[in-house]
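Architecture and fold: a report
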Amino acid sequence: VRAALGAGAGFDAAVLLGQLLWQQGRAEEAERHLESLRPTADSDEKMVLLASVRIEVVDLGLNDFEAALMVAEEAEASIDDVTLRDQITAERARVLGRHGRNRDAVDIVDPLIDRAQGRTLIAACFAAATSMSVTGQFQRAVEATEIGYAAHRVLTGPPEGYAPAIHLALRCLAYLLTGYLSEGEELARAQYAQALSDHSPLTTGFFSLFLGLHAGLQGRCQTTARWGSEGLATFQKIEIPFMQRNALASLALGKAIQGSVDEARRALERLDSLRVAPSDLGGPLVLQARAWTEVAAGDTLRAIELLDEAVELARWSGAKAYESWALHDLARLGRAAEVVQPLQELSRVVEGPFNPARAFHAAALVSGDAAGLEDASKAFEEIGALLVAAEAAADAAVVWRQNGDVRRAAAAELRSGALAALCEGATSPALAAAAPVRAVLTPRELEIARLAASGMSDKEIAKQLFLSHRTVENRLHSVYSKLGVQSRAELEGVLQGP
C-alpha cells in the first residue's frame, strides 16, 4: 500500500493503510495516520469511509469508548447524504452495544436493517447480532448474522476492517448464550480452521474464544482454559484489550472449575491490568470468573456477592441472557429461592432452551423435587451443559436419600458420576461431597465441613463466614457426630464423592 501511495494512489489506499496498521497491533500509529487524512475527506463518501475505520481503530484498538462515539457523532453531523449517514449511525450502535448499552443499540439498528444496503447493512447487522444475542433475542440475532454475512460476501470496493466470518462469530455468541451449544461448537470449529487457513488473526481469536466459552458451559474445564489461552495469545498480537480481557476471563473460569485457584487468580490479575471498563461486552462473564475463583478458594459468600454484581450489571445493560446465566450460578450456590422468580420471568423473554432449564432447575431445588431435579439434569444434558447436568443429578440423589429411596438415590449418583467424568476434572459445591453426606448435613454444616477439610482452623472459618468461634465449634461437632468422624483428616475422606 505504501508503494501504491508513492505511485500516486488516492484516498482509499491511504485509509487502507490505517486499517492495516491497526490490524498489526499498531493502533496509535493507525489513528495518527487516519486523523491526518481528515482535511482530505472532502466528500460524504470519503468522510464515511474514514470515520468508519477510525471508529473501529479508536474503539477496538485504543479501547476509548467516548472518543469512538465522538468520531461517530462528528461524522453524522457532517454528512448530508442520509444513506451514507446511516452507515455511521450503525457503527455508533455497534460501539454502544459493545460497551453495554444494548437497548440503545437495538433501538438504533432496528429501522436501519429494513432500509439499509451494502456497508450500512453490514454494520447494522453486526450491531444487531451483538446486542440481540445478549438480550436473548436468538432468532433475530441469527437472522442478522445471515443478512450481514450475505451482504459482506458480495461487498465491493474498500474492504471492511473485519472478514465476513465475523458475522458467523456473532452467531456463535447467539448459540452460546441461548443454549444451542453443539451447533455453536460445530460452527466455531469449522470457522476456526478456516481462519487459520486464511491467516486471519482477528477471526482466529474470536473463534478460539467462542470454543473456550462453549466448552465452559459444557463443563469441560481443561478445554476452556486451553482455548482461553489461545484466544489470549491471538488478541495480544493484534492488541484488542477487551477481547484479551474476555479470553483471560475464560482462562480463569476454566482454571477455577479445575480447582487451580492460584492460576485462576494470576489470570484475573492480568485481566485487571488491561483496565477495560466493567460494562464492556462480556462484563458479567468476568464477574462470574471471579466468583468461581472464590468458590474454588472456599469463599462462597464472596462468590455470591460477585454474582449479585454480575446480575446487576447484566440488568443495567439489558443483557438478559447474561442475567439468566449469573442467576443460575447463584442457584447452584444455594440461593435458588432468591432467583427462581426472576429466572421464571426471564423465560418469557430469553429465547432458547437454556433459560427454561435453569428456571426449572431452580424451582426443583426450592421445592425439593427429586424427580424434577432428574428432569432438569436430562434437559441440561440435552443442551450439552454436562457439569450442571451432573449437579442436578447429584441434587436429586440427595433428595431421594432424604426421602428414604436408596435405590433411586444410587441411580442418580451413578448418573451424576458418569456426567461428571466427562467434565475433565471439573468440580463444584454440588459435586464436592458425596450424596449421603449432603443428605444428613445442613447447607451451613456442609460449608463449614468443606472449609475444615481444606485445612482452615476454626478461627479462620469463623472470620470467613462471619460467625462466632463458638458457633463454628458447635457446628463442626455436629458434623463429626453425624458423619461418625473424629478429625479433619477423616472428614476430608468422607466428604469426597465416590
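Before reading on, note that the structure itself is shown above.
Analysis parameters
- Residues numbered from 1 in each chain as written.
- Predicted model: local features only at pLDDT ≥ 70, side-chain atom pairs only at ≥ 80, totals over all residues.
- Heavy atoms only, no water.
- Phe/Tyr/Trp six-rings, centres within 6.5 Å; stacked < 30°, edge-to-face > 60°.
- Helix = DSSP H or I, 4+ residues; strand = E, 2+ residues; numbered from the N terminus.
- Buried < 20%, exposed > 50% of the residue type's maximum accessible area, 1.4 Å probe, protein only.
- Lys NZ or Arg CZ within 6 Å of the ring centre and 35° of its normal.
- Axes fitted to C-alpha atoms, helices over the stretch in contact; angles between N-to-C directions.
- Parallel < 35°, antiparallel > 145°, perpendicular 65-115°, else oblique.
- Left-handed = near helix turned anticlockwise from the far one by under 90°.
- Contact = heavy atoms within 4.5 Å.
- Polar contact = N/O pair within 3.5 Å; in protein donor to acceptor, adjacent residues only side chain to side chain.
- Disulfide = S-S within 2.5 Å.
- Core = buried A, V, L, I, M, F, W, Y, C linked by side-chain atoms within 4.5 Å.
- Expected span 1.5 Å × (residues − 1).

**Let's talk about the packing of aromatic side chains**
Scanning the model with the defined rule gives 7 aromatic pairs in all. With centroids separated by 5.9 Å and ring planes inclined at 40°, the aromatic side chains of Phe138 and Tyr175 adopt a geometry described as tilted. Of the two residues, Phe138 is situated in helix 9 (residues 138-153) and Tyr175 in helix 10 (residues 165-178); the sequence distance between them amounts to 37 residues. Tyr175 carries the same exposure label as Phe138, and that label is buried. The interplanar angle of 80° and the centroid separation of 4.9 Å between the aromatic rings of Tyr192 and Trp227 together place this pair among those described as edge-to-face. Residue Tyr192 is located in helix 11 (residues 181-198), and its partner Trp227 is located in helix 13 (residues 221-238); the two are separated by 35 residues in the primary sequence. Ring pairing ties together the aromatic residues Phe138, Tyr175 and Tyr180, which thus form one cluster. The cationic tip of Arg94 hangs over the ring face of Phe126; the distance from NZ or CZ to the ring centre is 5.6 Å. The side chain of Arg358 reaches across the aromatic face of Phe354, ending 3.9 Å from its centre.

**Section: the packing of helix 3 (residues 27-36) against helix 4 (residues 44-61)**
At a closest axis distance of 10 Å, the pairing of helix 3 and helix 4 adopts a crossing angle of 155°. As far as their axial angle goes, helix 4 and helix 3 are roughly antiparallel. Handedness of the helix 3/helix 4 crossing: left-handed. Contacts between helix 3 and helix 4 involve Ala27, Ala30, Glu31, Leu34 and Glu35 from the first element and Leu50, Val53, Arg54, Val57, Val58 and Gly61 from the second.

**A closer look at the side chain of Thr203**
Along the polypeptide, Thr203 turns up in helix 12 (residues 201-218). A distance of 2.6 Å separates the side chain of Thr203 from the side chain of Ser200, its partner in a polar contact. Here Thr203 is in contact with Ala163, Ala165, Ile166 and Ala195, once residues within four sequence places are set aside.

**Side note on the state of the cysteines**
Scanning the entire structure with this criterion turns up 0 disulfides. Of all cysteine sulfurs in the structure, the one in Cys172 sits closest to Cys125, which takes part in no disulfide; the separation is 17 Å. Since its relative accessible area comes to 0%, Cys125 is described here as buried. Unpaired in this structure, Cys221 has its nearest cysteine sulfur neighbour in Cys423, at a distance of 7.5 Å. Owing to a relative accessible area of 2%, Cys221 belongs among the buried residues under this scheme.

**Re the nonpolar core**
Soluble globular proteins: nonpolar side chains tend toward being buried together. Ranked by internal contacts, the top residues of the largest apolar core, which has 152 residues, are Ile240 and Tyr322. Sort the elements by how many residues they give to this core and helix 18 (residues 320-346) lands first, with 13 residues. Beyond its immediate stretch of four places on either side in the chain, Tyr322 contacts Val134, Leu173, Leu177, Gly282, Pro284, Leu285 and Ala314. Core analysis: the next-biggest nonpolar cluster, separate from the first, contains 19 residues, Ala462, Val479, Tyr480 and Leu483 among them.

**So, helix 12**
Its 18 residues give helix 12 an end-to-end C-alpha distance of 26 Å, which sits within 8% of 26 Å, the value for a rise of 1.5 Å per residue. Of all 18 residues in helix 12, 17 are buried; the element is thus mostly enclosed. Once helix 12 ends, the next one or two residues include Gly219, with phi positive near 95°.

**Thoughts on the environment of Ala489**
Here Ala489 shows up in helix 27 (residues 488-495). In the structure, Ala489 is positioned 35 residues away from Ser454 in sequence and 9.3 Å away in space, judged by C-alpha atoms.

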